[in-house]
Amino acid sequence: MAARRLPIVVLGGGTAGWMTAAALAKHLPRDRYALTLLESDEIATVGVGEATLPHLRAFNEWLGVDEAQFMRETGATIKLGIEFRGWNRAAGAYIHPFGAFGEPWFGIEFQHHWMRLRASGRPVRPIEEYSFSVAAARAGVFDFPSQDRQSPRSTYAYAYHLDAGLYAAFLRRFAESRGVSRIEGKVKGVLRDGESGRVTELVLESGARIAGELFIDCSGFRSLLIGGELGVQWEDWSHWLPCDRAWAVPCTQASGFTPYTRATAATAGWMWRIPLQHRVGNGYVYSSRFLADDPAREALLAALESPPLAAPRPLRFRPGKRKRAWEANCVAIGLAGGFLEPLESTSIFLIQAGAMDLLSLLPDEGAPFGDPRLRDEFNRLYDLQYERIRDFLVLHYAANDRRGEPLWDYVRNVELPDSLKHKLQLFRARAVLPNYQYGLFSRDSWLAVLVGQGIVPERYSPLADALPVDVVEQRLARFALDIRVGLDGMPTHEAFIERYARAPLIAAAGAT
Amino acid sequence: MSAEPHPLADIVVVGRDADLWLAAMALGRGLGRSGPRLTVVELPSSAPKGAVVACLPQLTALHDKLGIAEGPLIRATGGSYTHGQAFVGRGLEWQSFFHSWAPFQWPSNALPFFPCWLKAQAAKLAARLEEYCLPAVAARYGRVVLATEDARGPSHAGLHVEADRYAAYLKAAAGALAIPIVEARSVEVERGSGGITAVLVDGERARIEGQLFVDATGAEAALIGRLPAPGWLDGGPVSSVDRVLTARAPRFNRLPPLAEVRIAPSGWTALHPTQTLTAVTHVFASATTSDEQAQGIAASNADVALQDVEIRSFRSGIRREPWHQNCVAVGAAASVLDPLHDVAAFVLQLGIVHLLALLPDTPGAEAERAEYNRIMRSSLARIRDFQQAFYRLAPAAGAFWEAGRERTLQPELEYKLAAFHARGLFAPMEDESFSAESWQAVLTGLGVRPSSLPPVIVGAALEPLAAELAQQHRAVRDAARRMPAHEDYLRRGAPARTTP
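What counts, and at which threshold
The written sequence of each chain sets the order in which its residues are numbered from 1. Both sets of labels track the order of writing: A upward for chains, 1 upward for ligands. Reporting of local features is limited, given that this is a predicted model, to residues whose pLDDT is at least 70; pairs of side-chain atoms are given and counted only at 80 or more, and all residues count toward the totals for whole chains, interfaces and linings. Only strands that DSSP links by at least two bridges are regarded as paired with each other. Numbering of helices and strands starts at the N terminus; helices are DSSP runs of H or I of at least 4 residues and strands are runs of E of at least 2. Interaxial angles span 0 to 180 degrees and are taken between N-to-C directions of axes, which are lines fitted to C-alpha atoms, for helices over the stretch in contact. Looking at any residue, its pLDDT shows the predictor's confidence there, from 0 to 100. We call two residues in contact if the C-beta atoms placed from their backbones are at most 7 Å apart. Any residue that is not Ala, Val, Leu, Ile, Met, Phe, Trp, Tyr, Cys, Pro, Asp, Glu, Lys or Arg is counted as polar, Gly included; the first ten are nonpolar and the last four charged. Domain start and end points were adopted from an automatic or database domain assignment. Counting other C-beta atoms within 10 Å of a residue's own tells you its class, since 20 or more makes it buried, 12 or fewer makes it exposed, and anything in between is partly exposed; those C-beta atoms are placed from the backbone. Each nonpolar core comprises buried Ala, Val, Leu, Ile, Met, Phe, Trp, Tyr and Cys residues, the members being joined through C-beta atoms within 7 Å.

### Some points on the sheet that holds strand β7 (residues 158-162) of chain B
Residue and element names in this part refer to chain B.
Right, on to step 1. On the basis of which strands lie adjacent, the open sheet formed by 3 strands has the order β3-β7-β4 and antiparallel pairing. The sheet is open, and its two edges are formed by β3 (52-55) and β4 (80-82), each paired on a single side. The mean inter-strand angle of the sheet, taken between neighbouring strand axes irrespective of direction, is 25°.
Right, on to step 2. Looking at chain direction, β4 and β7 are connected through 3 bridges and run antiparallel. Bridge pairing in β7 links Thr-82 to Gly-158.

### Describing the sheet that holds strand β2 (residues 33-39) of chain A
All names here are of chain A.
Right, on to step 1. Reading across the sheet, the 6 strands line up as β7-β2-β1-β11-β20-β19 and stay open at both edges, with mixed pairing between neighbours. Edge positions in the open sheet fall to β7 (181-184) and β19 (326-327), since each of these has one partner strand only.
Right, on to step 2. For strand β1 (residues 6-11) and β2, the ladder comprises 6 bridges, and the chain directions are parallel. Each bridged residue has a counterpart across the sheet, and for Ile-8 the counterpart in β2 is Leu-35.

### Some words on the confidence of the model for chain B
Residues and elements named next belong to chain B.
Right, on to step 1. Of all residues in chain B, 97% attain a pLDDT of 70 or more, and the chain-wide mean is 94.
Right, on to step 2. Under a pLDDT of 50 for its full length, residues 496-500 has, in the predicted model, 9 contacts with residues more than four places off or in other chains.
Right, on to step 3. Across the whole predicted complex the pTM is 0.95, and at the interface the ipTM reaches 0.94.

### Remarks on the interface of chain A and chain B
Right, on to step 1. The partner chain B presents 29 residues to the 30 residues of chain A that form the contact.
Right, on to step 2. Residues of the side of chain A that touches chain B, tallied by class, amount to 14 nonpolar, 8 polar and 8 charged.

### Some details on the domain arrangement of chain A
Residues and elements named next belong to chain A.
Right, on to step 1. Segmentation of chain A into domains returns domain 1 (6-47 + 163-238 + 319-386) and domain 2 (245-316).
Right, on to step 2. The centre of domain 1, based on its C-alpha atoms, is set 29 Å off from the matching centre of domain 2.
Right, on to step 3. Class assignment for the residues of the side of domain 1 that touches domain 2 results in 3 nonpolar, 1 polar and 2 charged.

### Things to note about the environment of B:Gly35
Right, on to step 1. Tracing the backbone shows B:Gly35 in the loop between α1 (17-31) and β2 (37-42).
Right, on to step 2. By the C-beta count within 10 Å, which is 19 here, B:Gly35 ends up partly exposed.
Right, on to step 3. Considered as a pair, B:Gly35 and B:Asp361 are 326 residues apart in the sequence and their alpha carbons are 7.7 Å apart.
Right, on to step 4. Those residues within four positions of B:Gly35 in sequence are excluded, and the remaining contacts are A:Pro462, A:Asp465 and B:Asp361.

### Description of unusual backbone geometry
Right, on to step 1. The backbone phi angle of A:Ala431 is positive, close to 60°, even though this residue is not glycine.
Right, on to step 2. Relative to the helices and strands, A:Ala431 is located in the loop between α12 (418-430) and α13 (443-452).
Right, on to step 3. The class for A:Ala431 is buried, based on 25 C-beta atoms found within 10 Å.
Right, on to step 4. One non-glycine residue, B:Ala221, lies in the positive phi region at around 50°.

### A look at the nonpolar core
Right, on to step 1. Within the largest apolar cluster, 320 residues are counted, with the highest numbers of intra-cluster contacts made by A:Leu11, B:Val13, B:Ala23 and B:Val330.
Right, on to step 2. Counting residues per element, this core draws most heavily on helix α10 (residues 372-398) of chain A, which supplies 11 residues.
Right, on to step 3. Dropping the residues within four chain positions of it, A:Leu11 is found in contact with A:Leu38, A:Val187, A:Leu202, A:Phe215, A:Ile216, A:Asp217, A:Cys218, A:Ser219, A:Leu224 and A:Leu225.

### Focus: the environment of A:Leu63
Residue and element names in this part refer to chain A.
Right, on to step 1. Assignment of secondary structure puts Leu-63 in helix α2 (residues 55-63).
Right, on to step 2. Sequence separation of Leu-63 and Ala-246 is 183 residues, and the distance between their C-alpha atoms is 32 Å.
Right, on to step 3. Residues in contact with Leu-63, not counting those within four places in the same chain, are Ala-22, Ala-23, Lys-26 and Phe-174.

### Some words on the domain arrangement of chain B
Residue and element names in this part refer to chain B.
Right, on to step 1. Partitioning chain B into structural domains gives domain 1 (10-237 + 316-456) and domain 2 (243-313).
Right, on to step 2. The C-alpha-based centres of domain 1 and domain 2 are spaced at 21 Å.
Right, on to step 3. Taken together, the contact pairs 36 residues of domain 1 with 33 residues of domain 2.
Right, on to step 4. Elements with a minimum of two residues in the side of domain 1 that touches domain 2: β3, β4, β5 (84-89), β7 and α10 (399-406).

Take a look at the structure:
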């Protein structure tokens, strides 16, 4: 028997708080840890990240959540990728799919074969026509990926669009049924140990006190503990990612139940469109340096496919991250630790990664105040995730051809992070994709966005020239054909949802 | 704007031994009949008599790419298979352990193996780590692990091949590519502002021009060593090895599928068996051991009479820019690492694979060069971390080992060891070559026990965990006993078919 349960306090509900609480409740031995979550119904949650990444499936499986039930209860739809419109006008709209492009024939990556064929003057299709997931997204169809590695239907993954508020509520039920005690209240003060600087207690407006050994800061943009109380510095990335505001508004679905998210470039930023079962989430992410709030709001409303279901809600943020997400005995997860605009749907992923890392690095009885070596590892992994995502986001802005619009002229000319500069140089010079193993975004993802943003490599690998051009032409033609054949008989996205996970009518509470 | 770049017309590969032929074959097959012309300049071998090339399992992928089937290679060269390295003590207190390159046997739907093992081990309810690794146990029984009856070769196995026979075999295979070969006793380089303009063979006998030069000349670094290249990576060697003795000894009666490293107070002695001989390597530091003393120690550690004894000086180093100007070095010409973990052939493979992936089609190629150098520096630094961890933690008495323990660690290794000590974590960085399992095998083998476990493991009940371990232990032993003896497998001959 453990002498005493180590008290862990999660500060803040919302997506971050409940995802973290659910993960800890599921996996921590209940006789050794006591979990408390403090939240206030008076504080609205941001409800970030209604579009997700395929990793969320692993998180849900790790919790043991039934997929169909989860989808019904969160009004979820399927997401095969993101369509980017207007980011590169010359190149048109492109989709960044959760899937592969072509195959690495003869050990040479696909883009070299594709470029070689193009250079040889043979007929060749746009690169997206060699991706099954793009084809399925464009056709508006979905079925579960095949296990048969020979089938083009095995070359993609999928994620969800979901109602983040409903997801938090879903996980709250999950966590509470597994022993997390929820306390309603607002923090008035924080008590700390004078010597070590550790947080010891949260004092509520009611006067109640909550003691803990470890505090998880899920207080969102307020960042009450990591930022406010402990004063961990903010690393500002707004020179690379100047968007700092958004308007968000729901409407009913009128222009297609797409199995993908849409991100449409606009004068001072971009607009999202996320189709859920019961509504469409819309938003305009913009830079206050380049556009005032009112015209931004008007622009969003003007672009809606149907009348708004609620008044537009403003959001303010700063792109960047805390220098350290884990300081003393506080760990920030979610917006309290950093913010990156939702362009690539990474917010929920960052919460998930933080919760999973925390679980393996959590203090135990032997080192209750946090072994600095474990803290360092948490912070290392957190930095890595943020930097990888940052570079990928910046790429979308850096390579644009929207000349004459001040925001777009600015981001096209801004000095890039060295790590991104290197990646771009390599692709530009000879179609080499970034070579890293840890952190988000596969080589296929990079390929989709690099090509989609109109970056044309000067050269390709000379090894590709060693193959008879006829063979390459046949392989590409065959591959594109297999994709079209593979689409046959796939249910439409709508039919799939109807059959698998149609949500009962979700009340207006679901609307943002 | 730059003008339309000239195409790269001539690539010249200068080298010797396996370094040369693997590089030449990779380029020859990769380029086919298209693109630049390839010329090979072959220098005399510098391999000591009876030397054996030890290949990590990764090399199979390169062999496959080059169309070299390992069964026929082993038959033709009298080579053998290896499942890893046994580190045993010789004249000092030392807990033996085995470093296999294979994962541990464990149900995939269970909690992760390693922390479970740590938990059970602390309660004295687990066997030694290697007992859960099939190739490690099979190797101890003198057997090789075959995944299926008709497997092309043992799984998770490397090779031991005599250096001269390996090179000859590769050279013969390269013949099919019809690459022009110039034999040379020595080479000089002719330099221009962009690097090398030509290679001069045997004084002025021949002059071979090119736009890209590949240096596969081994430790001589005959090309890159003559360029004003920017030196070596910080950190220096991981041990005090500066002399290496090589010799040959008779073959083992029952050929074990492993290499044995015998740890002695003044250095270590490695035995690499093949079907025809046993290669003996003894490393030591000249500051504490004379060549004469080393000969005696090597003979006594090896327990056999040594022939063809040769002692050479040794210096390790990771080149900052293995691709400098228009000269790309691969293998020992690029970097030399400590001989302890048999990584020389793997270092060669890394260089060749990345050169192929980044092979330019115009001279200049700044982006490719920068990436090649970055990735090679980073990959080799990670291998060096692995090697240095051994020297830092090896609990052996003797001045040689004390000197190894005292060396300053690079921050990355310091970090890795801290994470491991804290919770048994493998904190992976980019460009790792050794897996988490390799780190676990070596660090636990050297006696490290982490100070805490992940909460999920702490909370897991001990008894079922110990029962699962006991069952896996039995299963591994039973499976190992069913595997063919290495000797029989070699006699019967590995299947000859090549990559499908």
